[in-house]
Each structure stands twice: as C-alpha cells, then as structure tokens.
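Survey of secondary and tertiary structure
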Amino acid sequence: MHREAKIYVAGHRGLVGSAIVRRLASAGYRRLLLRTHAELDLTDERATRAFFDAERPDFVFLAAAKVGGIVANNRYPAEFIRDNLAIQTNVIHAAHLAGVQRLLFLGSSCIYPKFAPQPMREDALLSGPLEPTNRPYALAKIAGIEMCWSYNRQYGTRYLAAMPTNLYGPGDNYHPENSHVIPALLRRLHEAKVSGQPSVTVWGTGTPRREFLYSDDMADACVWLMQLDDAAYGALLGSDESVSGRFEPPLVNIGVGHDVTIRELAELIARTVGYTGALVFDASKPDGTPRKLMDVSRLARSGWHARTPLAEGLQTAYRDYLGTIGATAA
C-alpha cells in the first residue's frame with residue numbers, strides 16, 4: 001500500500017473508521033477518500049457505484065456498518081440485517097467493478113457460534129448456532145465474509161475479512177441505550193457519580209467473559225494487514241474449498257488474546273470514573289454469549305500484537321467521553 005495510493009475509508013466517522021484515518025494520516029497517507037453519510041449513502045447502490053466510478057480508489061477499508069449493543073440489536077433486528085447487507089453488498093461489488101487492489105471488510109466476533117470452543121479460531125465459522133440477541137447482525141457479517149470469498153474465487157479479487165473483538169476508544173457511541181458495554185458503563189457510572197446515586201444496576205449476572213481491544217490498536221492492525229507484502233497477505237486469503245478441500249475463509253481475527261468478566265470490567269470502569277457506590281447485577285436480564293475470546297495466533301504469526309492495556313485504554317476513553325459531554329454542554 002504505497003504512500004500515493006488512493007484509500008477509501010468507509011465509515012470514517014465511526015469508532016473504527018476514525019481510528020483508521022488517524023493511523024493512515026500518521027503513517028503519511030494523504031490521498032484519503034472520506035465521505036459522510038449525508039454525502040454518500042452506502043445503502044444506495046447507484047450512489048455507491050457512482051462514487052467508485054468517479055474516484056477509483058486503490059484500497060478500501062470497509063468500516064461502515066450499523067452497530068449497537070444488546071438493547072439496540074434486540075429492538076431493531078430488521079434494520080441491523082437490512083442496512084448491513086446493503087452497505088457491504090454495494091461497496092464490495094462497486095470495489096470489484098472499479099478494480100480496487102485490496103479491500104478489508106470489518107466484521108465482529110459475534111460471527112462465531114454462541115458456544116464455539118474458546119479461544120475462537122477462524123475455522124469455527126459456521127460450526128454452530130449463533131447468539132440469538134445479535135443473530136441478524138452476525139448473519140449480515142457472515143454474508144460479507146462469504147461475499148469476499150466468492151469474489152476472490154470468481155474474479156480473482158484480493159478481499160480480506162478482519163474480525164475484531166469488542167472495541168472501545170475515542171469516538172465511541174455513548175448513547176444511554178444503544179451503545180456497547182464499555183461506553184454505556186462509562187456514561188452510566190459517570191452520571192451516577194455526579195448525581196450521587198448509591199448504586200448502579202448492570203445487566204446480567206456479571207459472569208460472562210469478554211475481550212476488549214482499544215480502537216487505535218485495531219486501526220494499527222488493519223493498516224498492518226493492508227501493508228503486508230503480497231505473499232504474506234495472500235496467505236491470509238484462504239483457499240477455494242472446491243479445489244483444496246479445506247475450509248479456509250479469507251478471515252483473520254483481531255484481538256488481545258485475553259479476557260475479563262463483565263463484573264471485573266464494571267469494577268474497573270467504576271475505579272476509572274471514580275464511582276464509589278454499589279454495583280448491582282440484574283440476573284433477570286440476558287447475559288448473551290458466555291464467553292467470546294479470540295484466537296489471535298494467525299495475526300500474531302504475521303508479526304502484530306496489541307499494545308494498549310485495558311486500564312490505560314479506559315482512561316483515554318473516559319477522557320474522550322468527558323470531552324463529548326463538555327462539547328455538548330457548550
């Protein structure tokens with residue numbers, strides 16, 4: 001991925017997309033193609049095709065998606081499958097027609113079965129039932145992986161799918177209901193501290209284990225993958241199963257390789273924001289998947305490892321949240 005390449009970052013205002021833009025800019029890439037949703041609606045096939053025809057990007061980071069936590073996934077399942085299928089279908093097909101050299105499709109660890117062996121390897125894909133609370137989103141992302149695989153097989157494209165673990169960091173969504181667990185807890189525990197609430201209720205038993213990756217580390221991994229030489233990058237593209245007889249999707253996990261319980265996470269966030277009240281776990285609410293730990297050995301063999309400890313990343317995320325509410329108040 002040479003410095004003069006034209007690079008399109010789809011979803012550049014989101015948590016992952018904004019981190020990728022920061023990482024590319026710091027590495028000296030200047031020909032970045034960025035469009036807001038108002039400027040380019042990726043669910044619109046004609047608009048997407050017109051953009052690719054006009055700009056002809058060399059590389060694409062497909063970070064645009066409709067995302068949210070358990071509450072949002074339960075409340076808007078139709079939107080989660082419809083919008084994500086439309087975005088990735090339009091972008092991947094337009095990228096092929098425009099001759100894009102490499103495309104990195106970003107998914108989620110929820111593509112793996114609810115009870116997949118831990119840590120989850122890439123070949124666990126399609127090996128069992130999904131977690132029902134986010135199945136529509138997961139199925140859309142699985143379809144995106146298959147689309148990359150099919151286009152590679154039929155057209156000789158070089159499209160790779162990267163599945164990050166749970167992400168957090170600057171630019172996160174702090175909506176009180178539709179956000180993921182870390183931004184949701186940062187907001188709720190900060191508000192509880194400010195208002196003097198004696199306790200905060202957390203969904204579930206607190207026993208599920210989750211892995212968390214700082215967004216700038218995720219961006220670094222994405223750029224690392226796109227900068228690999230042809231041989232190393234090609235080795236990650238899997239194989240044509242009809243020829244090789246092996247189930248090898250063009251898929252690589254991105255994570256830190258270790259996890260914490262939701263209780264441990266909540267206690268760490270409470271210390272981060274300075275909340276000293278009680279944490280009450282509501283076992284009547286769904287826990288989701290019992291454990292989601294990624295096997296990151298494939299990525300590690302390429303030479304990449306995460307660098308940001310959870311406690312350090314949470315401090316940065318909390319400062320980002322305080323800046324967000326400060327800007328809102330102003």
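See the structure above.
Residues numbered from 1 in each chain as written. Predicted model: local features only at pLDDT ≥ 70, side-chain atom pairs only at ≥ 80, totals over all residues. Heavy atoms only, no water.

All told, the structure shown has 8 aromatic pairs when counted by the stated rule. Ring plane angle 80° and centroid distance 6.2 Å describe the contact between Phe-80 and Tyr-137, whose orientation is recorded as edge-to-face. Here Phe-80, found in helix H4 (residues 77-97), pairs with Tyr-137, found in helix H5 (residues 135-155); they are 57 residues apart in sequence, far enough to count as distant. Each member of the pair, Phe-80 as well as Tyr-137, carries the same accessibility label: buried. Three or more aromatic residues joined by ring pairs form one cluster here, namely Tyr-8, Phe-51 and Phe-52. Positioned over the ring face of Tyr-29 is Arg-3, at 4.6 Å from the centre of the ring. The residue whose ring lies beneath Lys-66 is Tyr-76, and the NZ or CZ to ring-centre distance is 6.0 Å. (Phe/Tyr/Trp six-rings, centres within 6.5 Å; stacked < 30°, edge-to-face > 60°. Helix = DSSP H or I, 4+ residues; strand = E, 2+ residues; numbered from the N terminus. Buried < 20%, exposed > 50% of the residue type's maximum accessible area, 1.4 Å probe, protein only. Lys NZ or Arg CZ within 6 Å of the ring centre and 35° of its normal.)

As for its placement among the helices and strands, Ser-109 is situated in the loop between strand E4 (102-106) and H5. Apart from residues lying up to four places away in sequence, Ser-109 is in contact with Met-120, Pro-164, Thr-165, Lys-292 and Met-294. (Contact = heavy atoms within 4.5 Å.)

Ranked by internal contacts, the top residues of the largest apolar core, which has 42 residues, are Tyr-8, Phe-52, Leu-103 and Tyr-112. Elements with a minimum of two residues in this core: strand E1 (7-10), helix H2 (45-55), strand E3 (59-62), H4, E4, H5 and strand E5 (159-164). With 7 residues, H5 is the largest single contributor of residues to this core. Excluding anything up to four places from it in sequence, Leu-103 contacts Val-60, Val-91, Ile-92, Ala-95, Cys-148, Arg-158, Tyr-159, Leu-160, Met-226 and Tyr-233. (Core = buried A, V, L, I, M, F, W, Y, C linked by side-chain atoms within 4.5 Å.)

A rise of 1.5 Å per residue sets the reference length of H4, with its 21 residues, at 30 Å; its end C-alpha atoms lie 31 Å apart and thus fit the reference within 8%. Those residues of H4 that sit buried are Phe-80, Asp-83, Asn-84, Ile-87, Gln-88, Asn-90, Val-91, Ile-92, Ala-94 and Ala-95. Buried residues in H4 make contact with H2, E3, helix H3 (70-75), E4, H5 and E5. Remark: Gly-99 follows H4 within two positions and exhibits a positive phi of approximately 75°. (Expected span 1.5 Å × (residues − 1).)

Within the secondary structure, Ala-72 is located in helix H3. Residue Ala-72 is classed as buried on the basis of its relative accessible area of 3%.

With parallel pairing, the 6 strands of this open sheet are ordered in space as E2-E1-E3-E4-E5-E10. At either end of the open sheet lies a strand with only one pairing partner, and these are strand E2 (32-33) and strand E10 (251-254). Helix H1 (residues 15-26) rests against E1, E2, E3 and E4 of the sheet, and its axis sits at about 155° to E1. Sheet contacts for H4: E3, E4 and E5; angle to E3, the most-contacted strand, approximately 175°. (Pairing = 2+ DSSP bridges. Axes fitted to C-alpha atoms, helices over the stretch in contact; angles between N-to-C directions.)

Glancing now at the pairing of E5. Among the 6 residues in E5, 6 count as buried, and that is most of the element. Of the two faces of E5, the one holding Tyr-159, Ala-161 and Met-163 and the one holding Leu-160, Ala-162 and Pro-164 are both buried throughout. Taken together, the 4 bridges between E4 and E5 define a ladder with parallel strand orientation. The partner of Leu-103 across the bridge, within E5, is Tyr-159. Handedness of the E4-H5-E5 crossover: right-handed. (Right-handed = clockwise from strand over helix to strand, strands pointing away.)

Inspection of every chain in the model, using the stated rule, returns 15 salt bridges. Note that Asp-123 is salt-bridged to Arg-121, the shortest N-O span being 2.4 Å. Residue classification places Arg-121 among the partly exposed positions, given a relative accessible area of 46%. We note a salt bridge from Asp-240 to Arg-153, for which the minimum N-O separation is 3.5 Å. Residue Asp-240 is found in the loop between helix H8 (230-235) and helix H9 (241-244), and its partner Arg-153 is found in helix H5; the two are separated by 87 residues along the sequence. Classification of Asp-240 by relative accessible area gives partly exposed; the value is 26%. In this structure Arg-153 comes out as exposed when scored by relative accessible area, which is 57%. (Salt bridge = Lys/Arg side-chain N within 4 Å of Asp/Glu carboxyl O.)

In contact at an axis separation of 9 Å, helix H6 (residues 181-195) and helix H10 (residues 262-273) are set at 50° when each is read in the N-to-C sense. The orientation of H6 with respect to H10, classified from their angle, is oblique. Here H6 runs over H10; the crossing is right-handed. On H10, the residues touching Val-181, Ile-182, Leu-185, Leu-186, Leu-189, His-190 and Lys-193 of H6 are Leu-265, Ala-266, Ile-269, Ala-270 and Val-273. Across the contact of H6 with H10, the residue classes tally to 10 nonpolar, 1 polar and 1 charged. (Parallel < 35°, antiparallel > 145°, perpendicular 65-115°, else oblique. Left-handed = near helix turned anticlockwise from the far one by under 90°. Nonpolar A, V, L, I, M, F, W, Y, C, P; charged D, E, K, R; others polar.)

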